[in-house]
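# Breakdown of the fold
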Amino acid sequence: MKALSETEIQEKMSTIDGWDYQNNAIHTTLEFDNFKDAFSVMTRIAFEAEKMNHHPDWSNVYNTLTISLSTHDVDGLTEKDFELAKIIDALVS
C-alpha cells in the first residue's frame, strides 16, 4: 500500500466530516453520554479494525474518545485510513 500525496489527502478530507489532518494522521474526538456508550463504540470499532488489520491510535477518558489514524508502514496516510474513518463515522451516526 502506498502513501497518499498531499493533494490526494486534501481531496479525501472533503469526504469525511469532523476529522482534522495534522502530523501525517487524521484525528477526531467523539463525545458520548457516558463511559459505557464510549466503550461500546470502541468495541464495535475494534471489531472493524481487526477485520481490516488496521488499528487506530486512540484514548478514552470517561465519555470522550480521541482517535488518530495513520498507516505506520508508510509513515503517512493511505486509503485504509480513510476507509476506517468512514466506518467509524457510520458506527457513531
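Structure first, text after, so check above.
Structural notes, computed from the coordinates. Keep in mind the model is a prediction, meaning the values are calculated, not measured.

Once that is clear, we can look at a nonpolar patch on the surface. Together, F35, F39, V61 and Y62 make up a nonpolar patch on the protein surface, roughly 440 Å² of accessible area in all. When its relative accessible area of 63% is taken as the criterion, V61 is described as exposed.

Turning our attention to unusual backbone geometry. With a phi close to 60°, N24 is a non-glycine residue in the positive phi region. Relative to the elements of secondary structure, N24 occurs in the loop between β1 (20–22) and β2 (25–31). Accessibility expressed as a relative area gives 38% for N24, which makes it partly exposed. Within the chain, D75 stands out as a residue other than glycine whose phi angle is a positive 55°. By the element assignment, D75 lies in the loop between β4 (64–69) and α3 (79–92).

How each quantity is defined
Residues numbered from 1 in each chain as written. Predicted model: local features only at pLDDT ≥ 70, side-chain atom pairs only at ≥ 80, totals over all residues. Heavy atoms only, no water. Patch = residues over 30% accessible without salt bridge, like charges linked within 9 Å, V, L, I, M, F, W, Y side chains within 5 Å. Areas by Shrake-Rupley, 256 points an atom, 1.4 Å probe, with all protein chains shown as cover. Salt bridge = Lys/Arg side-chain N within 4 Å of Asp/Glu carboxyl O. Buried < 20%, exposed > 50% of the residue type's maximum accessible area, 1.4 Å probe, protein only. Helix = DSSP H or I, 4+ residues; strand = E, 2+ residues; numbered from the N terminus.

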